[in-house]
Amino acid sequence: MSGVAAASPSKTGEISGTASGGDSAHALKASTTIVVAGASGDLAKKKTFPALFGLYNNGFLPSDIRIIGYARTKMDPEEYHKRVTQYIKAPIPAMKKKLEEFLERCSYVSGQYDKDDGFEELEKELKKCEETYEDKKAPKNRVFYMALPPSVFTVVAANFKKHNYSEGGINRIIVEKPFGKDLESSREMQVDLKKEWKEEEIFRIDHYLGKEMVKNLLVLRFANVMLDASFNKNLISNVQITFKEPFGTEGRGGYFDEFGIIRDVMQNHLLQVLSILTMERPVSFSSEDIRDEKVKVLRYIPEIKFEDVLLGQYTASGDKPGYLDDETVPKGSICPTFASCVLHINSPRWEGVPFILKAGKALNEQKTEIRIQYKDVTQGIFKEITRNELVIRVQPGEAVYLKMNSKAPGLAMRTVPTEMDLTYKRRFSDLKIPEAYEALILDALNGDHSNFVRDDELDIAWKIFTPILHYIDEKKPRPHSYAYGSRGPEELEKFVQDKGGFVRSSANYTWPSTSVL
Ligand SMILES: NC(=O)C1=CN([C@@H]2O[C@H](COP(=O)(O)OP(=O)(O)OC[C@H]3O[C@@H](n4cnc5c(N)ncnc54)[C@H](OP(=O)(O)O)[C@@H]3O)[C@@H](O)[C@H]2O)C=CC1
Ligand SMILES: O=C1O[C@H](COP(=O)(O)O)[C@@H](O)[C@H](O)[C@H]1O
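No experiment lies behind these values; they were computed from the predicted model shown.

**Section: the overall build of the protein**
Counting secondary structure elements, the protein contains 14 helices and 15 strands. Relative to its length of 517 residues, the protein is compact, with a C-alpha radius of gyration of 24 Å against a globular reference of 24 Å. Taken along the three principal axes of its C-alpha coordinates, the protein extends 80 × 60 × 45 Å. Put simply, of all contacts in the protein between residues at least 6 apart along the chain, 78% involve residues at least 24 apart.

Put into structure tokens, the structure is as follows:
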């Protein structure tokens, strides 16, 4: 995990007021065990273990780290190791060796989430791990990572506290989104968590806050006067924030069906992106000042109404199964796997600008991007000139590009659409962008809360989405169908246009080379 090096002769600049990276007195450097609850699941195999290995491989984990998985599924060590390494890439011999070493530090305990005996077994395994620490006398630190559906968060958190809390050492608990299912359950969850855990021990992860391009939003906006000056209702027609995945829920129906795409992605990841994109300039870049501004802009957003939402569910296509074909999904489920919704920010800066969020599974590509569509150029002297668009590609292939018009080189006076391009891979040599989970787990080990979610942020985010979620839960509107691998429901284009967004015709972004002949 090296930082991004700017190509010579550019210099990197300091950002004043940023969090120091945690209080070094509370950074966990040794004598630490991480417990991953839900270690049999999708998040654990796709994100948590690859990130833990990434940190281990680069020497960022505490020196004598041990990692214990906990879940109900019974697995022998071989099966467990196979499961948690599925997504770990170790292409060179040195990494393969490191991976073997890493696995020697990983063990597994199977147990229920609501019964004492599993946690008692876990405690025995914790003690066993702690006997291997280099410093036998040092206080024992424990980090509990909840890679679990929220329905079991609080019971597991309470059991960890009751059976596995380290007396004398530092304890931390990392909680995954979605934090609850609606405003009421989120508040209950916060109250329950806080009964057992102190606020400074709780780290609420929204991993989009660890993504490089999401972190860059603050710099792009507030370190570039011309961009910041154009971010307002006078120049911007609409903003579209899109999350697309080319795979379905595949085996995650147990979790997903209870939550749906709005709770899974939109109410948290996309709303976090929206709030950072649209907030006013913070007093400083400290975590509290930034989070104050995020809360302020979210408070300008009224509740979403059903007419402002389009829902979809994917169906089978070719050899790809439909959502309902997944055996972990209840028969006849109307759970949305796709949603688009329009939000408004009734602030002096943004009043009247539609923010169109789109999120879907089993679509035609993987992509998360922010597309800021400016107003049309006054035609007058031009004919059919295209509008400006600023596109911020969060993933894959981090990029920022501005679509603009230029004179086509040559004797004739013609315009040609062009782009100013900051594609990271081309601009930054030796590019190694840390995975969001690597960055956030390291922050949690360092005791740095900057990129974690504050409880008042949660409250306001749920206030915006709870009415529409309750409407969907109670009235059970049937989602529109879309084929696995398509661009989403056919109704999407009209929906976006009706809500004030321009629909773009081109497909993937590739750096253009324009023939002017
Ligand atoms: N998957 C991802 O890419 C991401 C997931 N997340 C969040 O991580 C959390 C876990 O997600 P994910 O790993 O995908 O979910 P899974 O459905 O894979 O659940 C994780 C584990 O929890 C147990 N489990 C599943 N359903 C239930 C249930 N109804 N009651 C009790 N235990 C259950 C299972 O373990 P066992 O049966 O062995 O006990 C399962 O292996 C969620 O909060 C999700 O929002 C966040 C970011 C990314
Ligand atoms: O939180 C979640 O995020 C993932 C997508 O994360 P990304 O970093 O790959 O964009 C999503 O697949 C999952 O359903 C959701 O729970």
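**Details of the UniProt feature "domain: Glucose-6-phosphate dehydrogenase C-terminal" (unreviewed entry) in the protein**
Per the UniProt record, "domain: Glucose-6-phosphate dehydrogenase C-terminal" (unreviewed entry) is found at residues 218-500. In the segment residues 218-500, helix accounts for 33% and strand for 24%; the C-alpha atoms at its two ends are 26 Å apart.

**A look at the nonpolar core**
One finds V36, A37, Y145, M146, L270, A339 and F355 to be the most contacted residues of the largest nonpolar core, which totals 121 residues. Element by element, the count of residues in this core is highest for helix α9 (residues 253-278), at 10 residues. When residues of this core are sorted by domain, at least three fall in each of domain 1 (27-176) and domain 2 (209-433 + 454-498). With near-sequence residues (within four places) excluded, Y145 lies in contact with I34, V35, V36, A37, T48 and I174.

**Structural notes on the domain arrangement of the protein**
Domain parsing of the protein yields domain 1 (27-176) and domain 2 (209-433 + 454-498). Taking only C-alpha atoms into account, the centre of domain 1 sits 34 Å from that of domain 2.

**Details of the sheet that holds strand β15 (residues 480-483)**
Read from one edge to the other, the open sheet built from nine strands follows the order β14-β13-β12-β11-β7-β10-β9-β8-β15, with strand pairing classed as mixed. The sheet is open, and its two borders are formed by β14 (415-423) and β15, each paired with just one other strand. Here the strands of the sheet are splayed against their neighbours by 20° on average, with no regard to which way each runs. Bridge count for strand β8 (residues 309-315) against strand β9 (residues 338-344) is four bridges, and the pairing is antiparallel. If you follow L311 over to β9, its bridge partner there is A339.

**Quick look at the site of ligand 2**
Taken together, H207, E245, D264, V265 and T368 make up all the residues around ligand 2. Broken down by class, the residue content of the shell around ligand 2 amounts to one nonpolar, two polar and two charged.

**Here's the deal with unusual backbone geometry**
Geometrically, the link from K177 to P178 is a cis peptide bond, its omega value of -5° lying close to zero. Within the fold, P178 resides in the loop between β5 (171-176) and α6 (183-196). Residue Q395 is joined to P396 through a cis peptide bond whose omega torsion reads -15°. Assignment of secondary structure puts P396 in the loop between β12 (389-395) and β13 (399-407). The backbone of A362 shows a phi angle near 55°, a positive value even though the residue is not glycine.

**Description of the site of ligand 1**
Close contacts around ligand 1 come from 25 residues, with G41, L43, R72, T73 and Y255 the closest. Going through the elements one at a time, α1 (42-57) and α9 are the ones with two or more residues in the shell around ligand 1. Counting residues per element, the shell around ligand 1 draws most heavily on α1, at four residues. Split into classes, the residues belonging to the shell around ligand 1 amount to 10 nonpolar, seven polar and eight charged.

**Digging into the UniProt feature "domain: Glucose-6-phosphate dehydrogenase NAD-binding" (unreviewed entry) in the protein**
As recorded in UniProt, the sites labelled "domain: Glucose-6-phosphate dehydrogenase NAD-binding" (unreviewed entry) are residues 35-216. Secondary structure within residues 35-216 divides into 46% helix and 16% strand; the distance between the first and last C-alpha atoms comes to 31 Å.

**Thoughts on the packing of helix α10 (residues 287-298) against helix α13 (residues 455-475)**
Two elements in contact, α10 and α13, have axes whose closest approach is 10 Å; the angle formed by their N-to-C orientations is 15°. By the criterion of interaxial angle, the relationship of α10 to α13 is roughly parallel. Here the hand of the crossing between α10 and α13 comes out left-handed. Two secondary-structure elements touch here, α10 through R291, K294, V295 and L298 and α13 through D456, E457, I460, A461 and I464. A per-class count over the contact of α10 with α13 returns five nonpolar, no polar and four charged.

What counts and how
Residues numbered from 1 in each chain as written. Chains lettered and ligands numbered in written order. Predicted model: local features only at pLDDT ≥ 70, side-chain atom pairs only at ≥ 80, totals over all residues. Helix = DSSP H or I, 4+ residues; strand = E, 2+ residues; numbered from the N terminus. Rg over C-alpha atoms; globule rule 2.2 N^0.38 Å. Contact = placed C-beta atoms within 7 Å. UniProt positions renumbered as here; feature names shortened; annotations may be inferred. Core = buried A, V, L, I, M, F, W, Y, C linked by C-beta atoms within 7 Å. Buried ≥ 20, exposed ≤ 12 C-beta atoms within 10 Å, placed from the backbone. Domains from an automatic or database assignment. Pairing = 2+ DSSP bridges. Axes fitted to C-alpha atoms, helices over the stretch in contact; angles between N-to-C directions. Near = placed C-beta within 6 Å. Nonpolar A, V, L, I, M, F, W, Y, C, P; charged D, E, K, R; others polar. Parallel < 35°, antiparallel > 145°, perpendicular 65-115°, else oblique. Left-handed = near helix turned anticlockwise from the far one by under 90°.

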